[in-house]
Amino acid sequence: MIDFLRSLPLARSIVRSLSLALALAGLALAASSALGEGPAVPGVERFYEAPANLSDEAKADGGDLLVQELNCVACHKAEGEFAAGLNVRTAPNLDAVGARVRPEWLREYLGAPHATKPGAVMPDMFAGVDEATKKNEVEALTHFLASKGTLAHGSPTPSGIARGEQIFHRVGCVACHDPMSPEKTLAHSAPLPHPLSAKYTVSSLNEFLKNPHGARPSGRMPSLNLNDAEASDLASYLLRDMKAASNLTAEIYKGSFSTLAQLRAAKPEATVPAFGFSIDLAGQKDAFGLRFDGQIKITKGGKYEFILASDDGSALWIDGKEVIAIDGVHPKSQKRASVDLKEGLHAITVEYYEQAGEEALEVRVKGPGLTETDLEALLYVEETKPEPGEKPEFVLDQNLVARGAEVFVKRNCVACHSAKDAAGKDLASSVSAKKLFDLSPQGGCLALHPAAGLPDYDLRPAQRDLLTAALKTAKARAETKPQGEEAVHRKFVALNCYACHQRGKEGGVETARLEYFMTDQPEMGDEGRVPPLLTRTGDKLKPEWLKEVLEKGSKERPYMMTRMPRFGSAALGDLAGQLTALDQQNLLTEPEIDLQAGQITSIGRHLVGGKALSCIKCHTFADKKATGIQAISLTTMHKRLRRDWFERYVLDPQKYRPGTRMPAPWPNGQSFYPDVLDGDTRQQIQAVWQYLSYGPSASVPLGLEEDAIELVAAKRPVIYRNFIEGAGVRAIGVGYPEHANLAFDADSLGIRLLWQNAFIDASKHWTNRGVGFQGPLGDSILKFETGVPATSLEGDNAAWPKETAKDLGWSFQGYRLNKSGQPTFLYSGPSVTVADFPEPVKEGQFPSLRRTIDVENSGQQALTYRPLRASKIEPLSDGTYRIDDAWTLAVESPAKPTVRDSEGQKELLIPLASGKSKIVLHYQW
Amino acid sequence: MISLRTSLQRIPTLLLTASAFGAFASFGLFASVGHADENEYYPITRIPIPEDVVLEAGALAMLPGGELAVSSRRGDIYRFSDPFAKNPEEIDADLWASGLHEVLGLTYRDGWLYATQRGELTRIKDSDDDGLADVFEAVSDGWGISGDYHEYAFGSSFDRDGNIWVVLCLTGSFSSQVPFRGWCLRVNEKGETIPTVSGIRSPGGIGMNAEGDVFYTDNQGPWNGTCSLKWLRPGSFQGHPDGNKWYAEAPNLGPVPKTPESGSRIMTEAAKIPEYEPPCVLFPYAKMGQSASGIACDLSDGKFGPFAGQMFVGDQTFSTVMRVFLEKIDGHYQGACFPFREGFGSGTLALLSTEQGPMFVGGTNRGWGSRGTAPFALERVDWSGKTPFEVHEMRAKPDGFELTFTKPVDKATASDPASYRMPTYTYIFQASYGSPIVDETLATIERAVVAEDGMSVRLFVKGLEIGHVHELHLDGVRSTENQPLLHPEAYYTLNYLPKE
């Protein structure tokens, strides 16, 4: 059925057209030459070259940065504090350069770096060298570098190109690089090879984009934390000029097919090269069929899930086996199947037919380390030998590889790039250049045309000026290094933080790039699209959060299209620590509030919610939408922000974030809510902070659930039997008018949850089919373990039984309501009956709960009743216990309770003699 | 796929139908709704539900003193006073109990109202007579629930021995994750819970016939090619094998029945598995309905018209009530279903026939859509006193069927075989979801012999098929008043062929 070989000749012709595209790219390279443009260091250009009238001191600072970015100290050694103050941009890691960069590119680039890639930071090491020598040595170097790894190929996908264009112009690439669609040349851009396809293959660029620090450990190209699909799409876009190639062959069938069998019995009308699984190939909308053949390349063996969707029929074959078939005529339907695939190439075939009406075909895949993406991304095209007359294919010559290792040392490439020879031995530099402090501030590398054999950086006059200024005073500054704000500034310049952020008066998004900072919340204005101000950021952010964001990147603002990229620790040094040391202020102490912790939290929740400050009007709560704009989630506040800053900020947002749309919740320090914590602003802020400290596990603020059906106990208790999270499938929720609430579990026969304020939202169970468990709507939630209510223990050390109450012969008997509608729960076990009457007691602002438990033990044996198992049970005075440092339980019982250890927990036990006993438990929380 | 584009052209008509429905829904409370001809015989009256009350009626029961108790999926129980009032505005509703877990069974006895909740059979009373229930006693919790919304429990009224029967949906309607999902249990007067029937999938209601035997409706899905009415014969297996793992906890029921072979036919498997009780009446999918629900039996002795002793079954999707005639052949119930009444306000769920005659119908369409557009409804079907011209009974004979009618037939049309047509078909008995119609045949009506009094017709049929629905069309038959039948169709499920 599947004859993969049939399609091979065609695959070759596809490859031919791909090589042709590359040859054309080579021509484009040769045509562009830009001598004298200088190495591009965007930050230095923006802050030290562009401004006029810089002081000599400032010029020296800029020069120091160039010394750092051009890695002058690789040859011209420097010591002491001066050297310690440099955060050197090291050269790319060449260990796997052969797997990353095309050999043709290496050859062009080594021979003429500045012409091949205008703005290249690498110096030309062959300036002034005679052409014949240069040609030989470049060829040898090319082979040496090409021997370091094997290039993988791939081709751009049409859908990937479209998505990649969005990614490139939205996630932050354009903060440093020029925009491409439409093309624009902006000031202070980091250069890219043109076209990128001359340097990279789709596979190698994809790998580089996912982990730029592997090749370039100094973090000047940060990682945007692209996932597999995003990296693959972006690589497709950046290499879209390779699109002329096809990656499949397609057979086109005409006819009204309604089954796969009919399609398979038909003869194709034509066989054509195809680029992706495009159903437009047929040239008609109805009554056609297609069969695509090709190969996919699996780089990591494992289980792959294929997803096929079509309207009408389709089938997917892998290595000659039918994996998915969607037969018949139907609306768009989807099927999935998993296949174990070994690393390597696999033949794939996709069959498809469309009878009439709507048409669609999607083929997707996910697998080890691969998030779901179009299968097109894995399509493989072999780049085979060119035809006679075309550019000769690169064939690795081992003799030249060995020779290249020698040239690598001879031309002192090794000063910047560490490398090993073929035997695996580290290559070492044999050049001894003058020390940095002994350099003349002119001539040498700084000469307009450096002598043969010296590195030629193709410096601009302005760059020479800066370097000269630096070298003039370098020796005098041998034992100083930038301190404080200057040290931070230099890092911001080198890492181009200023392209996105402003700190103090420096930096910020340049006007020409502002349009590439986008948002899906236009009503938020620039706050919604421009990355945050970093003025006093070390005061605002927790040091550990600051470190994490800088090192790993972040995406806390869903409305903002750019991402904070990952710079990696090598690039940063202790930037987080430096920011903290410079900025942090500790001006406030936490106010004391004389309430239980849960009570403070519930006040905080109230303040944040819709009946008080309404923070939820603008701030989301994790995935729950705010009612107005969708500003940063309340669940992120505590992990990001310092308390001291938070209090000062909410008292005067404009002071810390000029122009913010955030209103002052406590204008002039005054509270709008005199009844909450006696109107004490500082206590109210503390309560909000304490609530926010629960992060994503905080109870959802009130007023955020759009379609809530809140059950409110107005005069009588409200009872709610349903699936209650934390209280089982036979839960009986009771909400009391006093705003105490409980959930009794009719299976485990005990109270499993106590909470305060709002009772429950019934919408989960009372809309649609009522799927799932619903937790309390209120807060200050206490949770209790399951366990049989009472048992007869064989000795003091006998473990509490682990069997369920039901298995131990207990059963729920029901409940009675008193005149006020309060339930008494009735349950019984072997020779014992229990009447369990919880009753809320309102004392001041918060309720407590008194639970009277009448036990009738009709057996002869004494019983033990266990009201509680908890992490910590600390006896206070008068039968009162402090539980988990969070709440108190007062116990009245016929015999004194005991506390004992229980597998890392504590148990409270009350002995019960035969006959009737009464226990009163008073929960204050 | 063609449907989307081509169906666009049909949209104007669809919209028209929808707005027509809307117009029905906004009729005044006195207005009857639905099928105009049906209205003449069995008008539907909407019973007003107090504003701000969401009464997704799950179960209905009569209370002493003539009040109607209505339980809701939200867990409330309301008492409707004077439910038979000619002017429905005179009917008042009062909340009696709340906080229960989706009550789908209600019945009254000796001062207690018995409510079947998801996890418990509970009896409830108002001990201090203040109008609000205050004692809630757990009678049985002898089954498991895992927290899956589909784990419904439907409860019956008391049977002749004082048992309440509880029929339990599978977990997710597909598997039996906790004890006795997919079973029917009986709870006796001592509160003991007795495993009674296995093989259940997704019930929509439970009820008894005039003899007091208990039936339930099951819904199209695995091992149910279409919806059906099934007899809960104690000890029987109803076809879905997933719950059979609990036989170990049901020693009273003996060994586990053999698992049916997927892809077979109902009667083929019935021949192999003695415990397997084939469905009494198949409700052909998309013809008679799509979600069979509540069951009622007319015990009013003629106060509800000519169908005394017959059963009625709701369909939630179609917002209808069907009529069912059963007979017993070889110890098994089988019979025919007929359209009875359409146009209920919401998705028909609970049915209650009363001694007084009228039938109450409770509806909800939450989670499962229905033709009736109201989210919930409580309605009463009255008999207008006029007798519709209908097939009254349809009995199998060794060589055909015997039909009786509610009015004398016109001998000329009724004795003409061309007045009838009888396609037959069945469904695949299989583990995968539902089934298409299969094994289609066309039976031949060879002779139609009209009785002397014109009240019955004997059809001699060639090509009877065991295990098939025999879909009888009587388009040509007229009454002596030259009227066509109000519903000229009947669907007889011929599992067993009578010997005489």
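Everything numeric in this text was worked out from a predicted model, so none of it was measured.

**Focus on the overall build of chain B**
- For chain B, the count of helices and strands is five helices and 31 strands.
- At 22 Å, chain B has a C-alpha radius of gyration in line with the 23 Å of a compact globule built from 500 residues.
- Over its C-alpha atoms, taken along the principal directions, chain B stretches across nearly 65 × 55 × 55 Å.
- Put simply, chain B has 500 residues, and 55% of those count as buried.
- Partitioning the contacts of chain B with sequence separation of at least 6, the portion at a separation of at least 24 is 60%.

**Here's the deal with the overall build of chain A**
- Assigned secondary structure in chain A consists of 26 helices and 31 strands.
- For the C-alpha atoms alone, the extent of chain A along its principal axes is close to 110 × 85 × 55 Å.
- Among the 925 residues that make up chain A, the fraction classed as buried is 46%.
- Within chain A, contacts between residues at least 6 apart in sequence are counted, and of these 68% link residues at least 24 apart.

**Concerning the interface of chain A and chain B**
- Tallying the contact residues gives 28 residues for chain A and 27 residues for chain B.
- At the level of secondary structure, the elements contributing two or more residues to the side of chain A that touches chain B comprise β14 (718-724), β15 (728-735) and β21 (811-817) of chain A.
- Across the side of chain A that touches chain B, the residue classes break down as 14 nonpolar, seven polar and seven charged.
- Alignment of β21 of chain A against strand β9 (residues 135-140) of chain B, held across three bridges, turns out to be antiparallel. Across the sheet, the residue bridging to Gly-814 of chain A is Glu-137 of chain B, located in β9 of chain B.

**What about the nonpolar core?**
- Of all hydrophobic cores here, the largest spans 190 residues; its most connected members are Leu-60, Val-166, Cys-184, Phe-312, Met-322 and Val-324 of chain B.
- When sequence neighbours within four positions are dropped, the list of residues in contact with Val-166 of chain B reads Gly-105, Thr-116, Leu-121, Ala-153, Gly-155, Cys-184, Leu-185 and Val-187 of chain B.
- Among the nonpolar cores identified, the runner-up in size contains 95 residues, and Leu-205, Val-401, Ala-494 and Phe-567 of chain A belong to it.

**Side note on the pairing of strand β27 (residues 880-883) of chain A**
- The two faces of β27 of chain A differ: Tyr-881 and Ile-883 of chain A on one face are buried, but Thr-880 and Arg-882 of chain A on the other face are not.
- Taking the residues between adjacent antiparallel strands as the criterion, strand β26 (residues 873-875) of chain A and β27 of chain A are bridged by four residues, where Asp-878 of chain A takes a positive phi near 50°.

**Regarding the sheet that holds strand β29 (residues 456-462) of chain B**
Residues and elements named next belong to chain B.
- Taken in spatial order, the 11 strands make up an open sheet running β18-β19-β20-β21-β31-β30-β27-β28-β29-β26-β25, and their pairing is antiparallel. On the outer flanks of this sheet lie β18 (292-297) and β25 (391-397), each paired with one strand and no other. Averaged over all pairs of adjacent strands, the angle between strand axes in this sheet comes to 30°, irrespective of strand direction.
- By the bridge criterion, nine bridges tie strand β20 (residues 320-329) to strand β21 (residues 332-341) in an arrangement that is antiparallel.

**A closer look at the packing of helix α21 (residues 597-608) of chain A against helix α25 (residues 681-692) of chain A**
All names here are of chain A.
- Viewed as axis vectors pointing N to C, α21 and α25 meet at an angle of 95°, and their least axial separation amounts to 7 Å. Taken as axis vectors, α21 and α25 run roughly perpendicular relative to one another. Between α21 and α25, the residues in contact are Ile-600, Thr-601, Ile-603, Gly-604, Arg-605, Leu-607 and Val-608 and Gln-684, Ala-687, Val-688, Gln-690 and Tyr-691, respectively.
- Of the residues assigned to the contact of α21 with α25, the class counts are seven nonpolar, four polar and one charged.

**Here's the deal with the environment of Ala-835 of chain A**
Residue and element names in this part refer to chain A.
- One can find Ala-835 in strand β23 (residues 832-843).
- Sequence-wise, Ala-835 and Ile-853 are 18 residues apart; in three dimensions their C-alpha atoms are separated by 5.8 Å.
- Each residue touching Ala-835, except ones within four places of it in the same chain, is listed here: Thr-824, Leu-826 and Asp-854.

**Considerations on the environment of Leu-439 of chain A**
- Here Leu-439 of chain A lies in the loop between α14 (398-410) and α15 (461-474).
- When residues no more than four places from it in sequence are discounted, the contact partners of Leu-439 of chain A are His-76, Lys-434, Gly-444 and Leu-471 of chain A.

**Let's talk about helix α20 (residues 575-583) of chain A**
All names here are of chain A.
- Within the sequence span of α20, burial applies to Leu-575, Ala-576, Leu-579, Thr-580 and Asp-583. All buried residues of α20 project into a common sector of 135° when viewed along the axis, lining one side.
- Those residues of α20 that are buried are in contact with α16 (484-494), α17 (537-540), α18 (543-552) and α19 (569-572).

**What about the sheet that holds strand β14 (residues 203-208) of chain B?**
Residues and elements named next belong to chain B.
- Taken in spatial order, the four strands line up as β14-β15-β16-β17 in an open sheet, and their pairing is antiparallel. With partners counted over all chains shown, the strands left at the sheet margins are β14 and β17 (281-283), one partner each. Taken over all neighbouring pairs, the strand axes of this sheet differ in orientation by 20° on average, direction set aside.
- The sheet contact formed by strand β16 (residues 227-231) and β17 spans three bridges and is antiparallel. Bridging across to β17, Cys-227 finds its partner in Phe-283.

**Brief notes about the packing of helix α9 (residues 158-170) of chain A against helix α12 (residues 228-238) of chain A**
Residues and elements named next belong to chain A.
- Viewed as axis vectors pointing N to C, α9 and α12 meet at an angle of 100°, and their least axial separation amounts to 7 Å. As far as their axial angle goes, α12 and α9 are roughly perpendicular. On α12, the residues that touch Gly-160, Ile-161, Arg-163, Gly-164, Glu-165, Ile-167 and Phe-168 of α9 are Glu-230, Ser-232, Asp-233, Leu-234, Ser-236, Tyr-237 and Leu-238.
- Along the lines of polarity and charge, the residues of the contact of α9 with α12 split into six nonpolar, four polar and four charged.

**So, unusual backbone geometry**
- Of the consecutive residues Ser-181 of chain A and Pro-182 of chain A, the connecting peptide bond is found in the cis state with omega at 0°.
- Its place among the elements puts Pro-182 of chain A in the loop between α9 and α10 (202-210).
- A cis amide bond, omega -10°, links His-194 of chain A with the succeeding residue Pro-195 of chain A.
- Along the chain, the position of Pro-195 of chain A falls in the loop between α9 and α10.
- Backbone geometry at Asn-482 of chain B places phi at a positive 65°, although glycine is not the residue there.

**What to know about the environment of Val-324 of chain B**
All names here are of chain B.
- Note on placement: Val-324 falls in strand β20.
- Using a count of 24 C-beta atoms within 10 Å as the deciding quantity, one classes Val-324 as buried.
- Put simply, Val-324 and Asn-219 are 105 residues apart on the chain and 16 Å apart in space, counted from C-alpha to C-alpha.
- Setting aside its immediate chain neighbours within four residues, Val-324 contacts Leu-229, Val-281, Gln-310, Met-311, Phe-312, Val-313, Gly-335 and Cys-337.

**Section: the confidence of the model for chain B**
- Predicted confidence across chain B gives a mean pLDDT of 92, with 93% of residues reaching 70 or more.
- Confidence estimates for the predicted assembly give a pTM of 0.70 and an ipTM of 0.92.

**So, the confidence of the model for chain A**
- Of the residues in chain A, 95% reach a pLDDT of 70 or more, and the chain-wide mean stands at 91.
- Taken together, the stretch residues 1-35 of chain A has pLDDT below 50 and engages in 54 contacts with residues farther than four places along the chain or on a different chain.

Conventions we followed
Residues numbered from 1 in each chain as written. Chains lettered and ligands numbered in written order. Predicted model: local features only at pLDDT ≥ 70, side-chain atom pairs only at ≥ 80, totals over all residues. Helix = DSSP H or I, 4+ residues; strand = E, 2+ residues; numbered from the N terminus. Rg over C-alpha atoms; globule rule 2.2 N^0.38 Å. Buried ≥ 20, exposed ≤ 12 C-beta atoms within 10 Å, placed from the backbone. Contact = placed C-beta atoms within 7 Å. Nonpolar A, V, L, I, M, F, W, Y, C, P; charged D, E, K, R; others polar. Pairing = 2+ DSSP bridges. Core = buried A, V, L, I, M, F, W, Y, C linked by C-beta atoms within 7 Å. Axes fitted to C-alpha atoms, helices over the stretch in contact; angles between N-to-C directions. Parallel < 35°, antiparallel > 145°, perpendicular 65-115°, else oblique. Arc of directions from axis to C-beta. pLDDT = per-residue confidence, 0-100.

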